[in-house]
Each structure stands twice: as C-alpha cells, then as structure tokens.
Amino acid sequence: MSEFARKICLLGDFGVGKTSLVGRYVRNTFSEKYLTTVGVKVDSKEVAHAGGVSKLVIWDIAGKSALDHLNQTYLRGASGLMLVADGTREPTLRSALYLMMQAKSLLQDPACVVLVNKIDLIDRWEILPSTLNELRKTVPVFETSALSGDGVEAAFEHLAAELRRQT
Amino acid sequence: MNDFDRLKHLLLEAEQRRLDGLEQGRAQLSDDLPKLIGQAQQDHPVALAAALAHPVAEALGGAVQARKQQLVDALFPVIMPAIRRSIAEYLRAVSQDLNQIFESSLTWRGLKWRLEARRLGVSYATVALRHSLLYQVDHLFLIQRESGLILDRESVAGLPDLDADAVAGMLTAIGDFVRDSVGAGEAELSSATVGEHLLWVLRGPRANLAALIRGVPPESLKQELIVRLERVHEQYGDQLGVGPEELGSLPGLKEALTPSDLKAIRAEAQVEPSLRPVMLATIGITVLVLAAGVLIWQWQQRVANLVAGLDQTPGLEVTDVSSLPWWSISLQVLRDPLAPVVLPLVQSRLPEHVGVSVREQAIVSAEPAMVLERMRRRLDLPESLTSNITSDRLVLTGTVSPELWRALHSRAQDLAGGVVLDLTGVQADWPAALASLGPWPKDVTASSDGIRTSLSGVASHSWIESVRVLHGRQGWSDLLDLSQLVADRSEELARINRTLRGKSVSFDQGEAGDGLGLDTLADHLAGLLPALESGGLRVRVVCLGLSDPSGAETDNRRLERERAEWLCRGLSARLGNRPDSLWQLVEAPLDLATLRQRAALVQLEWIDPP
C-alpha cells in the first residue's frame, strides 16, 4: 500500500438506508447486529477514481437525528462524511444537514457528500428538486438507490477523489 | 492644583502614601514570591506544606480535567516502566509459586524438564513455563488511537484473509463503546477472547497495539509488546496522531512504522510446530521395527541352521517347520531308527525357554552312512575294519581273523538290497593267527589271491611243522597254502652237532688206539641220519680228532689226524658204505680248538645245503 486508508462516516436518520448502501457497495465483514449493540459497523473498500485507488474505511454509524457522545467518539479521525437522507421523507434531509453541521464542528474540514436515497421510489419523494439544486451549491448531492445501486458507486468515488485531493 | 486638590492632598497624603506602598508591594509580589517560598521552606517547611497541600491538590485536579492528554503524554514514559516493573515482580512471585508446585511433581515430564533446567542453568519454572505456554501471534495491528485507522499490520502467512482495516476500526469502536457505556469513560478494553484467539489491546497515547494470539501466551509476551509500543511512541509519538493525509505526506513514515523489533517479537512469538515428537516417535518405531526385524532374522537364521544340521545328520530329514520366533518351534521329522533322537538334539541347540515340539516318522534311510551303519551292525564288523560305501558297493578294508574272513565271505552272498560287499581290501591276519607258534619268521611272506593266502619263504623246520599241525587242526586248507614254505635245516643241524659233541669218543693217553663210545655214537647216527636225509637231502659226516695240550704240537697234530681217521673207519664200518659222505678232518675247526682233550667226535654238514 502506497498510502494510508481514509476514514469516512455515514450519518443519517434512522431508516434512510445507510446500511443498505454500504451493503450494496462493500464486502460485509461484520454482522449488522453491531449497529444495534455497539452503534457502529465498520467495513472497508478500495475505490478506483480518476486520481487512482484509495482505501476507504467506512464507519456506518447507527441512524440518529443527532450525535450523542458515543457517536461523536466514533467520528474522531474521520476524513470524510457521507450524509444520507431518504427522498421519500423530507425531514431526514434536515436531519442529515444538521448532522453534517454537528460533525463539521467536531472534525477539521471533512470532505462531505449528501446522498438522497431511494431514487427507485422517485414518485413518492417529498424532497423537491429545487431544494436539492440549492443544496448542491454548498455540498455535492447524489441521488441513489440501494435497491438498484444507482448513484452509489459514483458517490463513493466522488468522496474518495475529494479525499485524495485534500492530500 | 486647586484648593480642593490641595485639601485632599493634605487630608489623605498619609493614607495615599500607605496605599502606594501596598500597591508597590503587590506589584513586586510575583518577583518576591519564589524567594519568599524558598525562605518559608527553610524557616517553616511544615507550615508551608500544610498551607500549599490543598491548593496544589485542587490545581492538579483541575489540570487533569483540563489537560488530560498533556498529562498522559508526560506521565506515560514515567509510569509505564514502573507498572512494568510491578508486573514483573508479580510474575516473579507467580513463577516462584509455580516453581514450588512443579518441584513437588514427580512426573516423568517434570523430571525431564528438571534435567533440562539444570543443563541450561535456568530455573525449573522457566523451563516448565516455556514448555507449557505454547502460543502464536496470528495478527498484530498498530492502530491509530484517534481514528481507528490501521498504521501497520503483520499476520502469519497462510491464514485466511482478514479485512484488517475493518477489524481495526471495529476494535476501536468497540473499545470506545466499552469505555463510554461500561467503563464510564475510565476503563479500557484490554483483553478479550475471540473464538480460539486471545485478543490483547495495548493502549498507547497515540496508537494502540492489538494482538490476536492463539494458544496460551506468557505474561512476558505482553511485557515485550508494551516495550515495543513504548518504543514506537518514543520514535514517532508526534507523528502517530496526525491525520491520514499528513501521514501519507511524510515519506518513509509507513515503512518506519513497521519496526523490525516488532516483527522480531512476532517471529519470536511464533511457535513453529515441532516435529520433534513425530521424529522421536518415528525413530522409536523404526528402532523397534529394526530390533524386531533383527530378532526375527536371527531366529530364522537359527532355525535354518538347526534344520540344516538335522538334514545333514544321517537318517534325519526335516519335512516341516513352524515357529513363533523366540517362543516355540514345531518340527516334523523323518527318522531312521539308527539315527539320533531328535528332541534332545533340538533342545540342545535352542534357548531353554523355547518350547520344542517334535513329531517323528520312522523311515529306512537310503543314505550311505545309514546303509553302512546298518551293514556294520548286520555283519558285526570289528572296529579294525574300515568301511566305505559308494553307490551300491560296500567296501571293507583292514585285517581280520581267518575265521571272520571266512565268515565275511560266506555272509557276503546273503546281503539284501542289491548291495555288493567288496572284500578285496580285507586280509586275514595270519601273523596274529599264528602268533602262538612263536615269532613270525623274518623271511616268510604272505600273499593272497583274494581267497587263499600263500605263505612263502624260509622258516625253521619246527615252526613250519607247528604251522602244519595248526593248519590241519583249524581246517585252513581252503584259506592257507603252506607249500611255498622252505624249512631252514642249518639250525637243526647245529642243534644236532651240539648233541654230538657230548657223544665224543675218548682215547687213552699218548696213543691213537681204539676209542671208547664208538658204538654208542654209531647207533645214534644210525637213527639220526635217515631222518635227516628223508627229504632227499644228503648229510656229510665229518670226523674230528682232538688232543690234549701236553706233548709236542706236531705229535698232537698227528694224533688228532689218526684219531679222526680211526673214528671215520669205525663209523663207516658200522653205518654201511657212505663213501661220499665221509670226510676226514685233520685240524679241528676254530670253534672246537679249545677242546684240548684226547677224543674224537663227529659233526654233520649238509651236502648242497638248502
């Protein structure tokens, strides 16, 4: 390995599909029961992007609308954040943004991407496209589907490339 | 200055001066405080300590709360060696306890370890622990404490692939979870059991060292790992805490983070599967197999030699052998009645503890030695005869008595089985048979034509006569031919002559005259001569005249001649006409010259002696 791995954390409200996104993308090393017991599940993934190959260590933190002390502990040392929202539930986007703000206060200039999940249920989305367009002005936003895999790989590649650029 | 100020100056000047003095003292307090504390330490140390105890404790408490990490960084290198020494002392005490326990054991393994400890010059407990605590460090992770990212990892080759980054992250998360939820922010997850692995997490200020160990590691391994972790912090302490982007920007850091001594401890911890027990077992089994093989081979050689010996014994033939090596043997043997008994023969050639079973079956052996023995017994042959059998011919050589010789010849015709008895080498021992007749005449020889023996040569007449008498009495006519024996008459004649000397004729002194005893002598000769001449031989009668020593020699010669002539005439007249056989001797022969007497005598001689 020519460089060190980067730690990223998945944050988002309960039921937005964080674990499904990770399960779609990475090799599952640990059981999901850790999410309910320990509150976090860690996996890793080598991501190929325009700048090369990066190793991501993905901390899937149990879904909550706000970070408690333990979750704040889990955030330590993270280089990137992946905020996940459920397109069919508009409040989850607000929770994701709140979590982003909270995490940014704990971390030093982390790379962030926002994933609006469940694009396969686009007809039931509550989040308006205009809202996402406005959001894209400050943070990269990806519409994803854990069910079909759409947008998932692109989101991770983007975050990996962003982390690579920070080096 | 107006009036009011002047009034205030007048009223408050002393007070203002005092306040200025106090302000000046307060300003100099920071400068004087160290000096004052030093002075108080000298003058009133107890009072100073009592005064500062509470505020210092409060200050430390506040510092721990406010600058925890700084205090940890400062105290870690100081505290850890002390803790390590404390643990070492504890382990030493445990080792002593174990030593006492082990020393009380009397197992074979304990004895072996005790010998090894004596040989190596270390304590018994050290050796016992070294043998007992077998372990292997399968995975070793150096984990950044802050992020849970792995800084370095080492794993034993051949193990299943492990997502070390995920594992390190989860270890960190679980550690945080335990510390936050169970330990109330104080306790740390230091060890856990994960399946067959023992997990050790050694905490450092910037990085943790996690080891997944299989087996039972000694406490010394943990001490070694702690020392290595401390060393890593000493060398890279500040760099271990930076973010991964900064870690990646430091060239050579990652390689440097893989300390060689960390690898060394891992290699030291790896206990290679020892092949020694397998080798020892293999060697032991091989030795046993070889020993068993050698014993079986020796037994087979012994049995083979035994069977060969029995087969070479005349009259014995081994037909079947079965044995349990060095335990028992069973033989089936064909045996001629004349052959030795097999059982004692076998028992004498095997160890006493070997059970021997022999089953004999009688046969009449056709082996030459057996046939020969059978013939000897049947013919009752004496030891003087040597025998040999070739093909179907029994050849005897030696000498036997004439009677046995005759018996052998008669029995030879009765032999069964097509065996020919060859007696050409057997001679009748005639010297022994005739030994009773006196010494064997030196000129007599015996020759045989295979059946009859012919004696030839010269022997005394008496010996020959005795032989003839015995020959007739024993009926040896078919065995012994005496026709070639010639009697030696000279001895007989000498004996007769000695008799005739005692029958001399005597004369009166001085004259030849008639002698006395002539008739007696003539009668004697008349009976003697016909017997001597019966074999066709002829005898000459020699007359000798003798004289006494007195008188002249010439006269004595004359008298001797006259007396001899007188005797010849007298005998001739009485014995008839024997002109050719009479002889007159003038002088006495040398052997009669000493007979100086007045007499005449006769001596007989063979004419044409045989």
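Quantities reported herein were computed from a predicted structural model and do not represent experimental measurements. (Residues numbered from 1 in each chain as written. Chains lettered and ligands numbered in written order. Predicted model: local features only at pLDDT ≥ 70, side-chain atom pairs only at ≥ 80, totals over all residues.)

Asker: When you look at the overall build of chain B in this model, what are you seeing that I'm missing?
Answerer: The helix and strand tally for chain B stands at 19 helices and 18 strands. For chain B, with 610 residues in total, the buried portion stands at 21%. In chain B, the share of contacts with a sequence separation of at least 24, taken over all contacts with a separation of at least 6, comes to 60%. (Helix = DSSP H or I, 4+ residues; strand = E, 2+ residues; numbered from the N terminus. Buried ≥ 20, exposed ≤ 12 C-beta atoms within 10 Å, placed from the backbone. Contact = placed C-beta atoms within 7 Å.)

Asker: Looking at this structure, I do not really get the sheet that holds strand β3 (residues 52–61) of chain A. What am I missing?
Answerer: Strand pairing in a sheet relies on backbone hydrogen bonds, with the paired strands running either antiparallel or parallel. Residues and elements named next belong to chain A. The 6 strands are arranged β2-β3-β1-β4-β5-β6 in an open sheet whose pairing can be described as mixed. Pairing within the sheet leaves two strands with one partner each, and these edge strands are β2 (40–49) and β6 (141–143). Here the average twist between neighbouring strands, direction ignored, is 25 degrees. Both strand β1 (residues 6–12) and β3 contribute to a ladder of 5 bridges, which runs parallel. Note that in β3 the partner of Leu-10 across the bridge is Asp-60. (Pairing = 2+ DSSP bridges. Axes fitted to C-alpha atoms, helices over the stretch in contact; angles between N-to-C directions.)

Asker: What should I look at first to understand the nonpolar core in this one?
Answerer: A general feature of soluble globular proteins is that nonpolar side chains tend to end up buried together. Cys9(A), Trp59(A), Leu81(A), Leu83(A) and Leu115(A) are the most contacted members of the largest nonpolar core, which has 81 residues in total. Element by element, the count of residues in this core is highest for helix α6 (residues 164–182) of chain B, at 9 residues. Beyond its immediate sequence surroundings of up to four residues, Trp59(A) is in contact with Lys7(A), Ile8(A), Cys9(A), Leu10(A), Val40(A), Val42(A), Tyr74(A), Ala78(A) and Gly169(B). (Core = buried A, V, L, I, M, F, W, Y, C linked by C-beta atoms within 7 Å.)

Asker: Quick question: what am I supposed to make of α6(B) here?
Answerer: Structurally, the α-helix is built with 3.6 residues per turn, so residues lying three or four positions apart point the same way. Over its 19 residues, α6(B) runs 25 Å from end to end, which matches the ideal 27 Å to within 8%, given 1.5 Å per residue. Burial within α6(B) is extensive, with 14 of its 19 residues counted as buried. (Expected span 1.5 Å × (residues − 1).)

Asker: Is there a simple way to explain the sheet that holds strand β13 (residues 453–460) of chain B in this structure?
Answerer: Residue and element names in this part refer to chain B. Within the open sheet, the 3 strands sit side by side as β12-β13-β14. Their pairing is mixed. Looking at strand neighbours, the two that pair on one side only are β12 (445–448) and β14 (480–488), the edges of this open sheet. Adjacent strand axes in the sheet meet at a mean angle of 15 degrees when their direction is disregarded. Sitting on the sheet, helix α16 (residues 461–474) touches β13 and β14, and the angle it makes with β14 is about 160 degrees.

Asker: I keep staring at the environment of Leu225(B) and nothing clicks. Help me out?
Answerer: All names here are of chain B. Looking at where Leu-225 falls in the secondary structure, it is placed in helix α7 (residues 219–240). For Leu-225, a count of 23 C-beta atoms within 10 Å corresponds to the buried category. When the C-alpha atoms of Leu-225 and Trp-200 are compared, they prove to be 9.8 Å apart, with 25 residues separating the residues in sequence.

Asker: Looking at this structure, I do not really get unusual backbone geometry. What am I missing?
Answerer: For residues other than glycine, phi is negative in most cases, and the peptide bonds are mostly trans. Residue and element names in this part refer to chain A. The phi angle at Asp-109 is positive, at roughly 50 degrees, despite the residue not being glycine. Considering the arrangement of structural elements, one finds Asp-109 in the loop between α4 (90–106) and β5 (111–117). The class of Asp-109 is exposed, set by 9 C-beta atoms lying within 10 Å.

Asker: What's the story with the packing of helix α18 (residues 518–532) of chain B against helix α19 (residues 553–575) of chain B in this structure? I'm lost.
Answerer: Helix-helix packing: each pair is described by the crossing angle between the helix axes and the interaxial distance. Residues and elements named next belong to chain B. At a minimum axis distance of 10 Å, the contact between α18 and α19 shows a crossing angle of 50 degrees. The angle between α18 and α19 places the two elements in the oblique class. With respect to the hand of their crossing, α18 and α19 are arranged in right-handed fashion. Along its contact with α18, which presents Leu-518, Ala-522, Leu-525 and Ala-526, the element α19 presents Leu-567, Gly-570, Leu-571, Arg-574 and Leu-575. Tallied by class, residues from the contact of α18 with α19 come to 7 nonpolar, 1 polar and 1 charged. (Parallel < 35°, antiparallel > 145°, perpendicular 65-115°, else oblique. Left-handed = near helix turned anticlockwise from the far one by under 90°. Nonpolar A, V, L, I, M, F, W, Y, C, P; charged D, E, K, R; others polar.)

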